Amino acid sequence: MDRFSGPAPMLGAARAADTIVAAASPMPPLSLDVAIERLGFAAPFRISGYVFDHQDVIVVTLSDGEHVGRGEASGVYYRGETADVMAAQVEATRALIEQGVSRAMLRAAMSAGGARNAVDAAIWDLEAKRAGRSVYELVGIAPLAALATTFTLGADHPAAMAARAAAFADVPHLKVKLTGELDVDIDRVRAIRAARPDAWLGVDGNQGFARKDLKPLIAALVEERVSLLEQPVQRGREADLDGVKCPIPIAADESVLTLEEIPGLVGRFDVVNIKLDKCGGLTEGLEMAKQARLLGLGVMVGCMVGSSLGMAPACVLGQLCDVVDLDGPIFLAEDRVPSMEYVRGRARCPDDLWGFPATSGARG
């Protein structure tokens with residue numbers, strides 16, 4: 001894994017993940033609420049093959065009559081996970097959930113994806129409030145540290161992306177969305193590097209490139225001092241990376257959804273991008289981080305676009321990661337209150353947002 005362990009700068013604190021908290025015992029009977037909410041974007045957001053102007057999410061709320069836990073999920077758009085689909089999946093498991101499901105029981109009962117993520121997050125939040133301890137303490141990684149996160153530049157004309165990069169003057173780490181248009185993508189990276197010669201740059205191919213494009217793409221990225229290449233090839237075409245020489249760490253995103261798929265990445269990828277909407281929640285995400293480390297892979301936490309409530313559980317996982325990409329709320333026209341705090345490229349989850357014991361000023 002020489003490509004990852006070399007001098008390329010990684011972002012997170014990367015704490016050891018040797019001890020992962022066991023799933024709690026079943027809870028007493030719970031009441032469940034599932035709501036669908038639309039989050040509007042401040043401006044359209046473009047990646048390879050898609051343009052988004054809003055994000056529909058589900059919000060799961062669990063109550064034991066005294067304490068309340070919440071979780072949000074955006075789902076995985078390329079797997080057909082709409083808010084309606086996710087809400088129906090949660091409703092189909094209502095009886096089990098309201099009986100007082102544990103996280104281990106949930107993982108066995110629901111398939112990986114956004115629906116399970118929302119319920120898993122609500123259980124963690126409820127456990128923290130019932131125990132009088134933060135989720136960070138339950139996982140064993142307290143105290144909480146603010147995370148250096150990438151800020152994402154949606155695909156646009158090179159000059160527009162360069163202007164956006166310059167506007168992020170106090171943000172040290174940028175991630176560039178590419179579209180698979182080789183010449184235009186190279187121009188995008190060059191324009192951004194010219195605008196921000198000081199920045200750490202990662203690029204996200206979003207499955208947009210054919211094998212024939214990889215050599216010239218990588219050469220240009222090396223020239224522009226790019227430090228991470230994320231998911232250049234389509235899921236299912238990972239063999240296109242066989243024999244490709246790349247001095248830049250390559251991260252798997254769409255190519256790794258769950259814990260079971262991590263071993264197949266070895267030899268082709270250097271970094272695992274864990275997204276809780278993909279894997280089905282923080283419970284599985286923690287196990288994925290542990291497995292990736294055991295196999296010599298770097299660990300990254302990413303996100304779909306969502307509100308601060310959706311980012312908060314990923315901030316727990318981010319404490320264990322080398323690369324953090326949790327800027328989802330910055331694309332929204334309006335975020336929740338309380339919300340994630342983004343200051344000079346660092347993200348912090350406030351105590352009254354999610355995962356902390358209720359206080360006089362806390363929600364839930």
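Residues numbered from 1 in each chain as written. Predicted model: local features only at pLDDT ≥ 70, side-chain atom pairs only at ≥ 80, totals over all residues. Heavy atoms only, no water.

Novice: Before we go on, may I ask you to explain the overall build of the protein in this structure?
Specialist: Along the backbone of the protein there are 12 helices and 14 strands. Taken over the C-alpha trace, the protein has a radius of gyration of 20 Å; the compact-globule value for 364 residues is 21 Å, and the two agree within 12%. Every one of the 364 residues in the protein was classed for burial, and the buried ones make up 57%. Counted over contacts in the protein with a minimum sequence separation of 6, partners at least 24 positions apart contribute 70%. Working note: accessible area of the protein is about 13,800 Å², and carbon and sulfur atoms make up 51% of it. Side chains of the protein give 37 positive and 48 negative charges; the mean places of these two sets differ by 4 Å. (Helix = DSSP H or I, 4+ residues; strand = E, 2+ residues; numbered from the N terminus. Rg over C-alpha atoms; globule rule 2.2 N^0.38 Å. Buried < 20%, exposed > 50% of the residue type's maximum accessible area, 1.4 Å probe, protein only. Contact = heavy atoms within 4.5 Å. Areas by Shrake-Rupley, 256 points an atom, 1.4 Å probe, with all protein chains shown as cover. Lys, Arg positive; Asp, Glu negative; His and termini not counted. Charge placed at Lys NZ, Arg CZ, Asp CG, Glu CD.)

Novice: Can you walk me through the pattern of salt bridges in this structure?
Specialist: Side chains carrying opposite charge are able to pair once their charged atoms draw close together. Within the structure shown, the criterion is met by 27 salt bridges. Taking the shortest distance from any N to any O, the salt bridge between Arg-130 and Asp-64 comes out at 2.8 Å. Here Arg-130 is found in helix 5 (residues 114-131), whereas its partner Asp-64 is found in the loop between strand 2 (50-63) and strand 3 (68-73), with 66 residues between them in sequence. Here Asp-213 ties to Lys-212 by a salt bridge, and the two come within 3.2 Å at their closest N and O atoms. Connected through salt bridges with shared partners, the residues Lys-175, Lys-177, Asp-204, Glu-230 and Asp-325 form a single ionic network. (Salt bridge = Lys/Arg side-chain N within 4 Å of Asp/Glu carboxyl O.)

Novice: Hey, could you run me through the packing of helix 2 (residues 83-92) against helix 5 in this one?
Specialist: Helix-helix packing: each pair is described by the crossing angle between the helix axes and the interaxial distance. Where helix 2 contacts helix 5, the axes come no closer than 8 Å and their chain directions differ by 60°. Put simply, helix 2 runs oblique to helix 5. You can see that helix 2 and helix 5 cross each other, and the crossing is right-handed. Facing Met-86, Gln-89 and Val-90 of helix 2, the residues of helix 5 in contact are Gly-114, Ala-115 and Val-119. Its residues assigned to classes, the contact of helix 2 with helix 5 comprises 4 nonpolar, 2 polar and no charged. (Axes fitted to C-alpha atoms, helices over the stretch in contact; angles between N-to-C directions. Parallel < 35°, antiparallel > 145°, perpendicular 65-115°, else oblique. Left-handed = near helix turned anticlockwise from the far one by under 90°. Nonpolar A, V, L, I, M, F, W, Y, C, P; charged D, E, K, R; others polar.)

Novice: What am I meant to see in helix 11 (residues 282-294) here?
Specialist: Side chains three or four residues apart in an α-helix point the same way, a direct result of the helix having 3.6 residues per turn. Compared with the 18 Å implied by 1.5 Å per residue over 13 residues, the 18 Å span of helix 11 between its first and last C-alpha is a close match. Along helix 11, the residues classified as buried are Leu-282, Thr-283, Glu-284, Gly-285, Leu-286, Met-288, Ala-289 and Ala-292. Directly after helix 11, the chain includes Gly-296, whose backbone phi takes a positive value near 80°. (Expected span 1.5 Å × (residues − 1).)

Novice: Even after reading the chapter, I still don't get the side chain of Ser-102, so can you show me in this structure?
Specialist: One can find Ser-102 in the loop between helix 3 (94-98) and helix 4 (103-109). Given a relative accessible area of 4%, Ser-102 falls into the buried group. Within the structure, the side chain of Ser-102 is placed 3.1 Å from the backbone nitrogen of Met-105, a separation counted as a polar contact. (Polar contact = N/O pair within 3.5 Å; in protein donor to acceptor, adjacent residues only side chain to side chain.)

Novice: Got a minute to help me understand unusual backbone geometry in this structure?
Specialist: For residues besides glycine, phi is generally negative; the peptide bonds are generally trans as well. Residue Pro-338 follows Val-337 across a cis peptide bond; omega there is 0°. Structurally, Pro-338 can be placed in the loop between strand 12 (323-324) and strand 13 (341-343). Here Gln-207, not a glycine, exhibits a phi torsion of approximately 70°, which is positive. You can see Gln-207 is positioned in the loop between strand 7 (200-204) and helix 9 (211-223). One non-glycine residue with positive phi stands out, namely Arg-225, at about 60°.

Novice: When you look at the sheet that holds strand 13 in this model, what are you seeing that I'm missing?
Specialist: Taken in spatial order, the 3 strands make up an open sheet running 4-14-13, and their pairing is antiparallel. The sheet is open, and its two edges are formed by strand 4 (147-148) and strand 13, each paired on a single side. For strand 4 and strand 14 (residues 346-348), the ladder comprises 2 bridges, and the chain directions are antiparallel. Within strand 14, the residue paired with Ala-148 across the bridge is Arg-346. (Pairing = 2+ DSSP bridges.)

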